[in-house]
Each structure stands twice: as C-alpha cells, then as structure tokens.
Amino acid sequence: MHDDSALVEARLNRFVRERLQPAIYRATTPLEVTAWVVPGEPVSFAEAVSRPFTPFAVGEAWGRPWGTVWFHLTGTVPPKWAGLAETRIEVVVDLGFTVAVPGFQAEGTAYNPDGRLLKGVEALNRAVTVTGEIVDMYIEAAANPNIAADFSFTPTPLGDLATAGTTPLYTLRQADVAARDTQAWHLLQDVVALDGLRRELPAASPRRANILRALERCLDLLDPDDVGGTAAVGRAALADVLASPANASAHRVHAVGHAHIDSAWLWPVRETVRKVARTFSNVLDLIDRYPDFVFAASSAQQYAWLQDGYPELFERVRRAVAAGNFVPAGGMWVESDTNMPGGEALARQFVAGKGFFLREFGVEPLEVWLPDSFGYSAALPQIVQAAGSRWFLTQKLSWNDTNVFPHHSFLWEGLDGSRTFTHFPPVADYNAQLSGLELARAERLYSEKGVANTSLVPFGWGDGGGGPTEEMIAAAHRTASLEGSPTVELSSPRRFFEAAEAEYAAPPVWSGELYLEFHRGTLTSQARTKQGNRRCEHLLREADLWATTAFIRSGAEYPRAALENAWQTVLLQQFHDILPGSSIAWVHQQAEREYARVAGVLEGVIEASVRALCGPGDDAILLNAGPYAQEGVPALCGVTQVADSLLGATIARSPAGWVLSNRHVRVTIDADGLFTSIYDRHAEREVVPPGARANLLTLHRDTPTQWDAWDIDTPNARLFEALTDAETVEQLDHLPHGQVGVRVTRRFGASTITQDVTLAQASSAIDLTFNIDWHERQKLLRLNFALDVAADRAASEIQFGHIFRPTHANTSWDAARFETVAHRWVHVGEPGFGVAVANDSTYGHSITRTAFASEADAAPRIGTTVSLSLLRAPLFPDPTADQGRHELRVALRVGASIPDAVYEGYRLNLPIRSLTGVGSTPVEPLLTVDNPAVVIEAVKLAEDGSGDVIVRVYEAHGTRALARVIRSFESAAVVETDLLERPVISAAVIEADDAALTLELRPFQLVTLRYRRM
C-alpha cells in the first residue's frame, strides 16, 4: 500500500486546530463586566467588594505593571442550554493571555459573592465551573509583567516597582459564560494522547501505523460542521487502540501532581502568596472531580502564607491532606538553595518545615523534594537522615552543560558516609504535562534498565505556579496502560519511593556533592543578599547562645517568638532564587530590608540577654560566641578584661615596598599594592612563587551565553584585565594595639576599591578589608592569590565539614567544576605545609593548578592559584545588580593546617563583640569541649517549650575524634536526638557522668544532644 502517512498527519493537525479545538464550547454568551482598580498593593476580598465598581468593556486595556484590578462578572445562563447532554457550564476569562506558560504573565483568582476562593484563572486554565442559572463572580486580576519574555535575557525595568511605569500591560479579551461539550473535550484528549504516543514510536512500528489509521477513521466519521454531534462516533473509532494494554515490560511511571512554585523569582514574595492561593485552589477543584488525583506540595512557608492570608482555603487544604489527596512534601521551610546556607540553617530548614507539617497536619514527609536547586551539598545526606527523612529527589542535574549524570535511582553518600536513596527523574522536566514525548523520554533515558524499571514524573505547571490541569489528568488516565507507552499511575512521592526502593536491591553509589554543571554564577550574584544571609546566620547563632545562657543563668525570658520569626525570615531568603541572586530587583531589595530588620532584632536580643547576665554597671565585656578562644576570650563566654601582649606587629619601608611583620609571618607590599612576598617564619618558606604577585584583583568579561545572573562561562576566565595600578599605597594609622597595616586605593572604570591590609601581633593571618564602590556592568571581580604550594586538591568548607576537590582538569568532570562553593574558608596544601584563605561573605571560588614561570626557574614551577569571586554585574533579571557600595573581609593564613582554616573561618565570621555599661560579672560558658575537632555549632532551647537545652555539635577536622563535653548547668539527663529533637539510639555518646559526656565521632559526624532540665 502507498505510504500516505504524511498527508494523514497534515489532515489531522489541521482538523484539530480548526475544527476540534473550537468545538469544545457549543456556545458562549458575554457577561456584564465592571471593575475597580486597586490604587496600591493588593487588598482583601472584603475590602475590594466594598469599593465602587464601574463598567468595563471587553477589549479595554487594564493593569499597570504589578497592579491589581478586580473584575465583577454577572449574567445568566441562557435557558436554552438547560438540559443539554454532555455539557458543563463554565465562565471563561481571557485577561490578555499569551501562548507563554502560566505563571509568567497575568493571572486571576476567582471568588464567589460570599468571598469563597474558587480557583485560579490562568493562560492554560481559563475556565471556572458554574452551578445554577445565575453568574455572579469576582476575578482578582494580577497584572504581573512577563519578565521572562521567552527567556531572551533582555534587560528590563519591569522588575522594580519604582521603574516599571504605569502603562497598562494587558487587554481583557473575553468574559463569557460558555457551554462546554464534554464529549468533544474527551475526544480531543483521546486524539492528543494517541497522536503524542504515535509520534514517539519507531517509523516502522505496526503500533504506530495502527494508531494513525484509527485516527484517520475517526476523521472520516466526524462531521466538520457538527463535531460535537459526531464526537461520540469519533471516540468509538479510537476505542480499540486506546484499550490495547501496555507491554508487560513497559517502563512504570508514577505521576505525581505538583507545582514548582518559586517562592520568589521574576515576581516578588507578595505575589507568590497569591500564586499559592491560585494554585492550591486549582488543585482542590481537581480533587473534587478526580478522587484518584494526588497533589504534592513542598515548602511549609507556602502553607503558612495560606494559613495567614486565606484561612478558609487552608482549612480545605487541611481536609484534603487528611483524605490523602493533598500531600505535604519535602519537609523544608522552602525549597532552599543547598550550596550557600550554613549547616545550622539547613538543619533549621527541616526543623521549621517538618515542625509545621507535624503541628498543622499530623504528617511527616520522609522525602526531600528539591527539583530545582542549583546543585546539592555533600552534607545533605547526613542532614536528611538527621531530620528523620529517607529519600531525596532532584531534577536539576538534567541541566548539566558538560556531562550526563549516570544514574536515575542511586544511593547518595554524603561527606560523613551517610547514604540516602535518591531519584533523579529521567523525564528531565519538573513541569511535565504527561505528553507522549515526555513519557517516551522518561523510558528512553532511564539508566537503570534491566535491574529496575520505575521512575517518577512530576507533572503540573510550575515556576510561576498553576499546577496540574484537567488535561494532564486525562492524559494520565489514557496512558495508565496503553500499548507502546510506559504505564502511568497517579501516585504520591511516598508510594513512588517505596516501590522504587523495593525493586532495586543494590543501587549504585554516588559519593560526594551533586555538582550542577551550570548556573555557577549564582555563587556570586547579588553580593548584598549573600552578605545578609551570612551575617544573619551568625547573628542567629549568637542570639540563640546568649538568650539560652541568660535563661539558664539568670532566668531571663527566652525570646522564642522573636527568634522564630528571625529564623523563618532567613530561611525564606535562602530560597533557591533569592540567595543565589537570580531574582528581579524587587526581590533583592526586599531581602536586604529583611536582613537589616532581622539584624536589628537579633542585636537587641543579644544585648538584652547579656545585660540580664551581667547586670547594670560601668564595665565593658568582651563576648566570644565562637567555638574557639580568640583575643584571650575563651569560647562561648564573656570576660571583662584581657591581658595585652607586649609584642606587636611592625611596619617598615624598604626598597621593595611596605613590609608588615610579626613573629609568624612577613609580607611585602609593592608600589602597586600587591604582595611580592609572604614569608612564613616558622617554615622558613616563601609562599609567593618567584616572579608572581598575590593579592591581585582581576576584572573579567562576564557576558554569559544565556542566563545572565545565573551563569559564568569558561571563556571569561581567560578574558580579564589585571588591576595592577594603585592610586595610593599608604600606612594606616590609629589601628588597635598591636596591629599594623597599609591602605591601597584603586580606581578603574567607574569604580573605586579601598583595601586595608593589616597584620595583628600574634597571628599568621593577613587580614584584608575591602570597601568597594562598584559601578561596572557585565564584569566579574576576582581576588587572586598565587601560591607556591603544589596542591593536587583543595579543601572547601561546606555545612558541618569540608569537601576535597581536585585542582587539575584531568577529566571532563574536573574541567566542568571550574567554579565551586566554599563557605568560610578554603585550604590548599602539600605534605607538611598549607595555606588557608577565609572570608566573611564570599561563596564562589576557583582553585587551579598553575604553572608559574620566572627567571629563577629553568622550567615553570607548579603551584596553586586561589581565586575568590567577589562581585558581578549581570543585567538580567536585575539590570542594577550589585551596583553601589560593598564591604567584605578576607584573611590569608600561611603555614595553616585544616584545623587552622576552621579557626580562621570562625574568627572572621564571629568576631569578638564588646558591650559597655554592664556589671563586672563574667559570662561563663554553658559547655566546654576538650577537643578542638569537635565544634559546638548551636546552643538553643528545645522547640517544645520545655526549657530543655539543645546542643548541636559536629566533627570539623575530618578525623575520628574523642571529646568530653562538659556542662556547667543543672541537667537531669542527656539524650541524643534527631534534628527534630526526638530521641534516637545513641551511637556517639559512649560515656556520661554527672557533669560530662564523652563523644566518639566519625569524620564530619553531626550530633544533637538534648539536656533535660531539672
């Protein structure tokens, strides 16, 4: 027979476009429209409906950027529609939607006259079901700009309310009551499912041909002038091919409804609150009609917004959770970034998130649901287990730009040896629609074939919200068992993980971080947001510590509500498009304001706690909240006097430049403000390679191929200008006793950098303080240290430990890891000698083996370059990113071991605090530890309000460690707990007596102790 398949396909495509899709509605009737324009920020339903509404015409423009207009739609259902078979009456609204996906443009929320939220109205979900003969409905329409603009990455002023303008963005195109032909709609779903499958089958497949001919027969039977009247006959023609069951060996898909709602991104946090309401109401509408549908939603913060702003909707969600159709997932406060939050902050993501779900719904998610974060810390498996969770899911690794991740179900091994069963869905999309293309891709890419056969597909419109649609559920039903397709089961995360784990007895192991080979610039973009996070994390540590100490020592009231609010604010800002710096200007401006507010609250908590401890007086107290003694102040305590050392550092001029020196180190700073020599007096060793200079700032081209705020591309590493010209290099006066230093001033482009280089009397660390007035565009500023250290790997601090990464580029995996995260320090070393570089607000680093050529060496000398990425200036999505003033600190310590690096990280981030006008009573530590490898990371009161003391410790040096933890307060007993402060079988506590316990920790082990109060 002749092959006319191309003609049949063309006929089908045109029929669907021109006949079938328009036949979904039998008839439409316009509704009467009135409107009220909200003059400022969004208002409640009650306030809106109390305002005067005026007539509004279809075809009229509406909606200044980020504005809100309330539309009131009224009318009646035509009597002739009564009794129509296979008909559903709906209100259909077009706010001026485009073909772009929902969530990136105008959105609406439909209410009945009593204020009950009905559902969202969005580009691909425009209808609201009507019951009864009268139509009376309000639509809260949000004029959210399409910042994405098809991701052309074009700079736009629309991301800042101050520059967005007032010109209306949208036109109301439709506000009708309509009669939906349900048979025609079901026929369309049949055709879409079958044709989507057919397109993915091999060209020579009999099944592909059978489907095509069935579709052809369907077209023959349909009357183009009466599609609705002949739809049933058309469906009958497709019944046999739809009923043909899946192969016994077909891939098994668990389809989990979800909506990846970014807590902020190309819209502000306040808009996300409304997105959550729209999406969750959409879901509840679907649950009412499809009892087998299950929806999973993560981020306790989003439920909390709903509880606060939409209490009636929240109660409906609560009922759906109890029925098992609505599943709280993930267990974190938000879908957090995992590269940059500190260890205690990641722990608190679970404490806050799971605590909310247990308290409000009585459920505990056992999976960690992070489809879209930009890489995953090697500390996560241990934190997941410590939170009482079992499984982990991510989708983002499908975005790798160099290597294909080799597994889809595997055991992920963290830095302490903890292993978590992990799934990486082969569908390679966290906004799936359950199309034939997506299901075929999931089966084709699944890498565990032959030993396992089950994967998860997260479906539903996300990013900007919307969630699953009725069409997606229809696709799931039609592909439940369909020959040539994977089987599809509407499922939940837990059902999937239990099935996947049961079928895969010996999954492969991936050890270490899950590095995303993409979006490396998120470690640097929006430096003020990152600095706010780092500063507030450490202020929270101090506030928790001193408030707990004051409660125990003096009976002061514990400021639980203030601390909880501060933690929740910081945890929200750690969302994976806020902390990474990839949001619009509005988001980052708000984040900076929130950090300032939190810092003010925490400073108040600290001061009030210390004054309660010390009492009134005229003395000054020095407080050390860090885990190590510094400047003569022991760890976790406060003293009123510290003996001064008679030995100070010195400064002198020489022909080579300024020389700063003490008994540990000597640094020479030339006329360009660069380090020509760093001499370790103990090792009797020069650290700067011959012919090289350290402390070099470089200005790199920063024009990513795409994803401006997200990406740093490899060519930009070699395309730079060295900022060697110094305007001035002059001695610093009026430094604290025992310190010496110089100030280096540089001007370039429209920017100025002032750098203070100081050396203290008893330190091997050279401190660098930068004040930067930054006005460059699409540039990357790096600080570079050329080191005569032949390190084959570098250690970088992450949460509760550190990770080693190679400094070479032997493999494509090594080469792709050219920009990496470190928290407070990095360390490079060779046997017997090392150098640590610490920072107070920088996360992006590049550490490479370098060949240094000089006249002193016959061949290039192999050393290491440590580069810190300080500032960027991307134009999208925030064209003003990073502009203005920045202050940051870096320290370089020579002759340093990894324990020295750990110390420097804490010293720089938890400096000694001074408080005046207090009594002379010292602040004694609640606990002490006799092994510096074991760090007390957090001291707080228990979440349950019992007054029990919670202490979080970890092994920081990467060694096995025995340590005695000695308490100095009354306690009835101590137990080891999980992060949620529930007792666990203790493996770490090997001995306990009245005042102390002995811990035996493996490298990087995290332990939470609960001291029960008397």
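Each value, and the rule that gives it
- Residues numbered from 1 in each chain as written.
- Predicted model: local features only at pLDDT ≥ 70, side-chain atom pairs only at ≥ 80, totals over all residues.
- Heavy atoms only, no water.
- Core = buried A, V, L, I, M, F, W, Y, C linked by side-chain atoms within 4.5 Å.
- Buried < 20%, exposed > 50% of the residue type's maximum accessible area, 1.4 Å probe, protein only.
- Helix = DSSP H or I, 4+ residues; strand = E, 2+ residues; numbered from the N terminus.
- Contact = heavy atoms within 4.5 Å.
- Salt bridge = Lys/Arg side-chain N within 4 Å of Asp/Glu carboxyl O.
- Pairing = 2+ DSSP bridges.
- 1 Å grid on protein atoms, 1.4 Å probe; cavity = no way out; pocket = protein on both sides within 12 Å on 5 of 7 lines; lining within 4 Å.
- Points joined across faces, edges and corners; volume = space filled by probe spheres on them.
- Nonpolar A, V, L, I, M, F, W, Y, C, P; charged D, E, K, R; others polar.
- Axes fitted to C-alpha atoms, helices over the stretch in contact; angles between N-to-C directions.
- Parallel < 35°, antiparallel > 145°, perpendicular 65-115°, else oblique.
- Left-handed = near helix turned anticlockwise from the far one by under 90°.
- Phe/Tyr/Trp six-rings, centres within 6.5 Å; stacked < 30°, edge-to-face > 60°.
- Expected span 1.5 Å × (residues − 1).
- Polar contact = N/O pair within 3.5 Å; in protein donor to acceptor, adjacent residues only side chain to side chain.

Student: What's the story with the nonpolar core in this structure? I'm lost.
Tutor: The nonpolar side chains of a soluble globular protein tend to be buried with one another. In this structure, F280, Y303 and F326 are the most contacted members of the largest nonpolar core, which totals 212 residues. Looking at which element gives the most residues to this core, the answer is helix α16 (residues 585–614), with 12 residues. Ignoring anything within four residues of it in the chain, the contact list for F280 reads I261, F295, A297, Y303, L306, V317 and F326. Of all hydrophobic cores here, the second largest spans 54 residues; its members include V665, I678, V740 and V835.

Student: Is there a simple way to explain the pattern of salt bridges in this structure?
Tutor: For the structure on display, the rule yields 79 salt bridges. Between R208 and E9 there is a salt bridge, with the nearest N and O atoms lying 3.7 Å from each other. Within this pair, whereas R208 is found in helix α4 (residues 206–221), its partner E9 is found in helix α1 (residues 5–20), the two being separated by 199 residues in sequence. Taken together, the shared-partner salt bridges connect E41, E107, E140, R270, E271, R274, K275 and R278 into one network.

Student: Teacher, can you tell me more about the sheet that holds strand β29 (residues 685–686) here?
Tutor: Remark on secondary structure: sheet strands pair via backbone hydrogen bonds, oriented parallel or antiparallel. Across the sheet, five strands lie side by side as β25-β26-β27-β28-β29; this open sheet has antiparallel pairing. Two strands in the sheet have a free side with no partner beyond their single neighbour: β25 (650–654) and β29. In the sheet, strand β26 (residues 657–661) pairs with strand β27 (residues 665–669) via four bridges, with the strands oriented antiparallel. Bridging across to β27, S661 finds its partner in R666.

Student: Just checking my understanding: could you explain the layout of surface pockets for this structure?
Tutor: It is the rolling of a water-molecule-sized probe over the atoms that shows where space remains empty. By volume, the second largest pocket amounts to about 1000 Å³. Lining the second largest pocket we find 33 residues, and of these E631, Q739, A760, Q761 and R907 sit closest to its centre. When residues of the lining of the second largest pocket are traced back to their parent elements, those giving at least two are β34 (751–759), β35 (765–774), β44 (884–894) and α19 (898–909).

Student: Sorry if this is basic, but what is going on with empty space enclosed by the protein here?
Tutor: Under the definition given, this model contains eight cavities of 30 Å³ or more. The computed volume of the largest cavity comes to approximately 240 Å³. Those elements that provide at least two residues to the lining of the largest cavity are α9 (343–361), α14 (527–554), β37 (793–798) and β47 (934–941). Top element by residues in the lining of the largest cavity is α14. It accounts for six residues. Among the residues forming the lining of the largest cavity, the class breakdown is nine nonpolar, five polar and nine charged. One number sums up the size of the second largest cavity: a volume of about 110 Å³. Every residue lining the second largest cavity is counted, 14 residues in all, and those nearest its centre are A527, S841, T842, L870 and L888. Elements with a minimum of two residues in the lining of the second largest cavity: α14, β43 (861–871) and β44. A per-element tally of the lining of the second largest cavity places α14 first, with four residues. Residues that form the lining of the second largest cavity fall into these classes: five nonpolar, six polar and three charged.

Student: Sorry, what's going on with the packing of helix α15 (residues 560–573) against α16 here?
Tutor: Packed helix pairs are characterised by how far apart their axes lie and by the angle those axes make with each other. Following both chains from N to C, one finds α15 and α16 inclined at 150°, their axes separated by 10 Å at the closest point. Judged on the interaxial angle alone, α16 and α15 are roughly antiparallel. Crossing handedness for the pair α15 and α16: left-handed. Only A591, E594, Y595, R597, V598, V601, L602 and V605 of α16 make contact with α15, whose side of the interface consists of A562, L563, N565, A566, T569, V570 and Q573. Considering only residue class, the contact of α15 with α16 consists of 10 nonpolar, three polar and two charged.

Student: Whenever I open this one, the packing of aromatic side chains confuses me. Can you help?
Tutor: How two aromatic rings sit relative to each other is given by the distance of their centres and the angle of their planes. What the rule picks out here adds up to 50 aromatic pairs. Taken together, a centroid distance of 6.4 Å and an interplanar angle of 50° make the contact between F293 and F459 tilted. Taken together, the residues span a long stretch of sequence, with F293 in the loop between α6 (269–289) and β14 (295–297) and F459 in strand β20 (residues 454–459) at a distance of 166 residues. With respect to burial, F293 and F459 carry one shared label: buried. Ring centres 5.5 Å apart and planes at 70° place the aromatic pair F800 and Y954 in the edge-to-face group. On the criterion of sequence distance, the pair formed by F800 in the loop between β37 and β38 (801–806) and Y954 in strand β48 (residues 949–955) is long-range, its members being 154 residues apart. The pair F800 / Y954 is uniform in exposure class, with both members buried. Linked through ring pairs, F104, F151, F153, W265, W267, W399, F518, W707, W710 and F876 together constitute an aromatic cluster.

Student: How should unusual backbone geometry be read in this particular structure?
Tutor: Backbone phi values are negative for most residues with the exception of glycine, while trans is the configuration of most peptide bonds. The step from F876 to P877 runs through a cis peptide bond, and the omega angle for that step is 5°. Topologically, P877 is positioned in the loop between β43 and β44. Its identity is not glycine, yet F153 carries a phi of approximately 60°, on the positive side. If you trace the backbone, F153 turns up in the loop between β10 (134–142) and β11 (170–171). Residue classification places F153 among the buried positions, given a relative accessible area of 12%.

Student: Please explain helix α3 (residues 182–200) as it appears in this structure.
Tutor: The α-helix advances 3.6 residues per turn, and as a result positions three or four apart in sequence lie on the same side. With 19 residues, α3 should cover 27 Å at 1.5 Å per step; its first-to-last C-alpha distance of 28 Å lies within 8% of that length. Most of α3 sits inside the fold, with 15 of its 19 residues counted as buried. The opening residue of α3 is D181, an N-cap whose side-chain oxygen sits 3.1 Å from the backbone nitrogen of Q183.

Student: What's the story with the sheet that holds strand β52 (residues 996–1001) in this structure? I'm lost.
Tutor: One open sheet holds the four strands; their spatial order is β46-β49-β52-β51, and the pairing between them is antiparallel. The sheet terminates laterally at β46 (927–929) and β51 (989–992), the two strands that pair on one side only. Taking each pair of neighbouring strands and ignoring which way they run, the sheet shows an average axis angle of 20°. Judged from the three bridges that link them, β51 and β52 form a sheet pairing that is antiparallel. Note that in β52 the partner of E991 across the bridge is T998.

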